[in-house]
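So you can see what is in the structure, the chains are spelled out below.
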Amino acid sequence: MPSYHDTRIHACLYFICPTGHGLKSIDLLCMKKLDNKINIIPLISKADTISKTELQKFKERINQELVSNNVKIYQFPGDDEGMSEVNISMNNQLPFAVIGSNEFIKVGNKMVRARQYPWGTVQVENETHCDFVKLREMLIRTNMEDLREQTHAKHYETYRKTRLEQMGFSDVDSNNKPLSFQQTCETKMALHQQELQEKEEDMKQQFIVRVKEKEAQLKEAEKELQSKFEQMKEENTREKKKLEDHQKMLEDDITEFNRLKLNHVTQTLSGSHHTLSLGSLGKGKKK
């Protein structure tokens, strides 16, 4: 698969602070978390800050602490026919002590990457000054393929096995009898189908219960609306009756008023006619 791009990390360069007193608890804890996931190569950074004697004792102290805490670091393969002696020798020199620099300094007739101090120059690619060249040779030129193989055959398989076990897959059944992957898949499929059916039935029951609850709520709301309607209807009937009674009273009052008015007009007209008659009689007597 030439188009396949492997995104897995094949090496972890773990830098250790050059204290000279051994590893810190955080270093041990971190490397212990990583040792089953990636190839760890411990490195002592800023190796020019301690003497050669202190550096050797520091390396021995680090290796003792790694072994006592069961931290597994990457070991260069000793079964390679062509490189077994070199790899075994390099394993004995772990952790590598390295120095870094971004500057180029002229030493002799050539420019080299180095660190300049008042007392002298520390060259990054000088094997008598640090282990950078050894590290580069072991990683890039000698053991790159072995790092990939370790990642695939050890760390990735460990991760794959853990993930499959978390998903319920196993090489043996409950009686420790061999179990094929197909049988495990079929069992998981059957359990999955059963779980889906149970969930479907549970969802149906929940739906029915919710529908019934909603219907009960709607019926209760309908009863409340009907009760309010009847109440408003009764109030409207009473109000209408009051208005009709009031209207009848007004009509009776108007009729009585018109009757009284008519009587008053009649009486007024009768009085005026009587007065006029008396006046005419008085004028006849004077003549």
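Up top is the structure.
All residue numbers refer to positions counted from 1 along the written sequence of the respective chain. Side-chain atom pairs in this predicted model are given and counted only at pLDDT of 80 or more, local residue features only at pLDDT of at least 70, and totals for whole chains, interfaces and linings cover all residues. With hydrogens and water excluded, all non-hydrogen atoms of the structure serve as input to the side-chain values.

Trainee: Can you lay out helix H4 (residues 132–142) for me, pointing to particular residues and giving the numbers?
Mentor: If you check which residues of H4 are buried, you get Val133, Lys134, Leu135, Met138 and Leu139. What makes two residues a contact is simply this: any of their non-hydrogen atoms within 4.5 Å. A run of DSSP states H or I qualifies as a helix once it reaches four residues; a run of E qualifies as a strand once it reaches two. Both are numbered from the N-terminal end. Looking at the buried side of H4, the elements it contacts are strand E1 (12–16), strand E2 (40–44), helix H3 (84–92), strand E3 (96–97) and helix H5 (144–166). Only protein chains enter the accessibility calculation, which uses a 1.4 Å probe; a residue is then buried when its area is under 20% of its type maximum, exposed when over 50%, and partly exposed in between.

Trainee: Tell me about the sheet that holds E1, and please be specific about residues and values.
Mentor: A sheet is described by the order of its strands in space; here 3 strands give the open sequence E1-E2-E3, paired in parallel fashion. Two strands close off the open sheet at either side, each with one partner strand: E1 and E3. Inter-axis angles, ranging from 0 to 180 degrees, are taken between N-to-C directions of lines fitted to C-alpha atoms, where helices are fitted over the stretch in contact. Lying on the sheet, helix H1 (residues 25–34) is in contact with E1 and E2; it crosses E1 at an angle near 170°. If DSSP finds at least two bridges between two strands, the strands pair.

Trainee: A description of the environment of Glu125 should follow, citing residues and the corresponding values.
Mentor: Note on placement: Glu125 falls in the loop between strand E6 (120–123) and H4. By relative accessible area, which is 47% here, Glu125 ends up partly exposed. Expressed as a C-alpha distance, the spacing of Glu125 and Arg113, which sit 12 residues apart in the sequence, is 7.3 Å. Contact partners of Glu125, with chain neighbours within four places excluded, come to Arg113, Phe132, Val133 and Arg136.

Trainee: Break down the side chain of Ser45 for me, citing the residues and quoting the values.
Mentor: Its place among the elements puts Ser45 in the loop between E2 and helix H2 (52–68). Judged by relative accessible area, Ser45 falls into the buried class, the value being 17%. Setting aside chain neighbours within four positions, we find Ser45 in contact with Phe15, Ile16, Cys17, Pro18 and Val98.

Trainee: Provide a residue-level description of a nonpolar patch on the surface, including the pertinent values.
Mentor: A surface patch of nonpolar side chains, about 270 Å² in accessible area, is lined by Phe207, Ile208 and Val211. The topology assignment puts Ile208 in helix H6 (residues 181–286). Note on patches: the residues involved have over 30% relative accessible area and no salt bridge, like charges join within 9 Å, and the nonpolar side chains Val, Leu, Ile, Met, Phe, Trp and Tyr join within 5 Å. For the area figures, the Shrake-Rupley method with a 1.4 Å probe applies, and any residue is considered shielded solely by the protein chains shown. Salt bridges are defined as contacts in which a side-chain nitrogen from Lys or Arg sits within 4 Å of a carboxyl oxygen from Asp or Glu.

Trainee: I'd like to hear about the pattern of salt bridges, residue by residue, with values.
Mentor: As enumerated under the stated definition, the model contains 13 salt bridges in all. We note a salt bridge from Arg8 to Asp6, for which the minimum N-O separation is 3.0 Å. Across the pair Arg136 and Glu125 runs a salt bridge whose closest N-O atoms are separated by 3.8 Å. Placement of the pair is Arg136 in helix H4 and Glu125 in the loop between E6 and H4, with a sequence separation of 11 residues. Among the residues examined, Arg136 registers a relative accessible area of 24% and is labelled partly exposed. One network of salt bridges, with partners in common, ties together Lys59, Asp131 and Lys134.

Trainee: I'd like a description of the nonpolar core, backed by residues and values.
Mentor: One recurring pattern in soluble globular proteins is that nonpolar side chains are buried together. Leu23, Met31, Ile62, Leu66, Phe76, Phe96 and Leu135 are the most contacted members of the largest nonpolar core, which has 33 residues in total. Excluding residues within four positions of it along the chain, Leu135 makes contact with Leu13, Ile41, Leu43, Phe96 and Val98. Nine residue types can take part in a nonpolar core, namely buried Ala, Val, Leu, Ile, Met, Phe, Trp, Tyr and Cys, and a core is a set of them joined through side-chain atoms within 4.5 Å.

Trainee: Break down the side chain of Asn91 for me, citing the residues and quoting the values.
Mentor: As for its position among the elements, Asn91 is in helix H3. Asn91 gets classed as buried once you look at its relative accessible area, which sits at 17%. For the purposes of these results, a polar contact is taken to be a pair of N or O atoms within 3.5 Å, where, inside protein, one atom must be able to donate a hydrogen and its partner to accept one; residues adjacent in sequence count only when each atom of the pair is a side-chain atom. Polar contacts involving the side chain of Asn91 include one to the main-chain amide nitrogen of Phe76, which spans 2.8 Å. Every residue in contact with Asn91, bar those within four places of it in the chain, is listed here: Gln75 and Phe76.

Trainee: Please give an account of the packing of aromatic side chains that cites residues and values.
Mentor: Here is the rule: rings of Phe, Tyr and Trp (six-membered ring for Trp) pair when centre to centre is within 6.5 Å. Planes less than 30 degrees apart are stacked, more than 60 are edge-to-face, and the remainder are tilted. The tally for this structure, following the rule as stated, stands at 4 aromatic pairs. Seen from their ring centres, Phe76 and Phe96 are 6.2 Å apart, and the 25° between their planes marks the pair as stacked. Linking Phe76 in the loop between H2 and H3 with Phe96 in strand E3, this pair joins segments that are 20 residues apart in sequence. Seen in terms of ring centroids, Tyr117 and Trp119 are 4.8 Å apart; in terms of plane orientation they differ by 5°. Their pairing is stacked.

Trainee: Account for the sheet that holds E6, with residues named and values stated.
Mentor: One open sheet holds the 3 strands; their spatial order is E4-E5-E6, and the pairing between them is antiparallel. Edge positions in the sheet fall to strand E4 (104–107) and E6, since each of these pairs with one other strand and no more. Across the sheet, the axes of successive neighbouring strands diverge by a mean angle of 65°, strand direction being ignored. Here strand E5 (residues 110–117) runs beside E6; their pairing, made up of 4 bridges, is antiparallel. The partner of Ala114 across the bridge, within E6, is Gln123.

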